[in-house]
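A look at the structure
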Amino acid sequence: MKHAIIALTMLACSFQVAAQSTATWAAAAEFTGKGDMPRESLSNRSLREIVKVSIGGEALRLKLSNEFGSSPVDIRSIFIADATDSCCIDVKSAKYLSFSGKKNITIEAGKAIYTDIANYKLCPLQRLSITINYGDRVPENATSHRGSRTTSFIINGVSKPKTKFVNAEKVDHWYNIAAIDVMNTEEQPCIAVLGNSITDGRGSTTNAQNRWPDMMADALGGKTAVLNLGIGGNAVLAGGLSEPAVKRFERDIMQQQGVKTLIIFQGVNDIGGSKGNSEQVANDLIAAYTKFTERAHAAGIKVFLATITPFKGNGYYTIFHEAARQVVNEWIRKQNICEGIIDFDKLVRDPNDAAKLQERYSDDWLHLNPAGYAAMGTYAAEIISKANK
């Protein structure tokens, strides 16, 4: 029996070493202000969060982040399960995750950690439930992703797989979860998307998973990982909400597992927020895109630049902001530093007014609606697929 246990342990270890680790889902971590925290502290409560993965696998691990917390996070236990409807799960699929063999862990302030690798049959494009049982200590301001476009459920006390989330507090945010990696014996293609609220899904349908990167993953048939690293209100250079892309690029893009392709689709908040310096902002965006591309290429990552979509009719619009957008887009179309371009501007603009979105795609003349995101996702998948042939 002893020799059998040793053999099984060695087999598991060899699989983990031989397997290719690829992120199937990720969200950009942010500092959480009071308005985006639950009504009550997460201390000694149970949080159920739902995500939609892109590719599948036979084993996985979860990344948890307390990088923006000012104090430790105590976790009593975490279990995952196939999500069914709302907060319900397939109880038979439930599996507890561990940390060096233990169910509990404390994540220190400013840190991120991974769970142990767990055998779990994860299907492509499925919804996965992650239930965290918190202990005594949680930061006043958690590390979260504010724009989840997906409802999370919170109840008091410790939950188990059979626990019903009755009268749960509902919040449309993700807390502490940062990435899910799957392990496969063969390398999987993986695309990371750097973006703002248009990528994060402003204007999409809550709980419908119809942001444009979701639609791209669907169009790619669950055979390519797609990571949405968009943040609502985020800028490339400075200002905006959360850390600008020039600061978060290393963490949110370069530290993801298995990324082979990067899509850069960001800049509208820099342009829309510029005041009398639109020309300089356009030049600085081009410089930032160039640095991102060089950094990605140094790591063997292909880069696709996406043109900035129109915003006439929105408060961002001025003739100077539109001129800056045109400067950036023309540079993207003519540059020769990356592997390809995704011309979202040409795809969704009004043929009778190039500064404006097509009405059928507009949510607020800046963000798109589900029809617009479906068009973007399908188009992006076509561009990537053709480039990889």
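To be clear, the structure that these remarks concern was listed above.
The structure contained in this document is the topic of the report that follows.

Thresholds applied
- Residues numbered from 1 in each chain as written.
- Predicted model: local features only at pLDDT ≥ 70, side-chain atom pairs only at ≥ 80, totals over all residues.
- Heavy atoms only, no water.
- Phe/Tyr/Trp six-rings, centres within 6.5 Å; stacked < 30°, edge-to-face > 60°.
- Helix = DSSP H or I, 4+ residues; strand = E, 2+ residues; numbered from the N terminus.
- Buried < 20%, exposed > 50% of the residue type's maximum accessible area, 1.4 Å probe, protein only.
- Lys NZ or Arg CZ within 6 Å of the ring centre and 35° of its normal.
- Salt bridge = Lys/Arg side-chain N within 4 Å of Asp/Glu carboxyl O.

Further remarks concern the packing of aromatic side chains. A complete count under the given rule lists ten aromatic pairs for this structure. Taking the centre distance of 6.1 Å and the plane angle of 75 degrees together, the rings of tryptophan 212 and phenylalanine 265 count as edge-to-face. Here phenylalanine 265 lies in strand S18 (residues 261–265) and tryptophan 212 lies in helix H3 (residues 212–219), a separation of 53 residues in the sequence. With relative accessibility at 0%, the residue tryptophan 212 sits in the buried group. Looking at phenylalanine 265, the relative accessible area reads 4%, which means it is buried. On the numbers, 6.4 Å between centres and 85 degrees between planes, the contact of phenylalanine 311 with tyrosine 316 is edge-to-face. Phenylalanine 311 sits in the buried class, given a relative accessible area of 0%. In this structure tyrosine 316 comes out as partly exposed when scored by relative accessible area, which is 22%. The aromatic ring of tyrosine 96 is capped on one face by lysine 103, whose charged end is 3.9 Å from the ring centroid. Sitting over the face of the ring of tryptophan 365, lysine 356 holds its NZ or CZ atom 4.7 Å from the ring centroid.

What follows concerns the pattern of salt bridges. Counted under the stated rule, the structure contains 22 salt bridges. For the salt bridge of arginine 251 with glutamate 243, the shortest nitrogen-to-oxygen distance reads 3.1 Å. The same class applies to arginine 251 and to glutamate 243, which are both buried. Among the ionic pairs, arginine 325 bridges to glutamate 322, the shortest N-O distance being 3.0 Å. Remark: glutamate 322 and arginine 325 occur in helix H7 (residues 319–334); sequence separation between them is three residues, near one turn of the helix. For arginine 325, a relative accessible area of 0% puts it in the buried group. Salt bridges sharing common partners tie together Glu322, Arg325, Glu330, Arg333, Asp343, Asp345 and Arg349.

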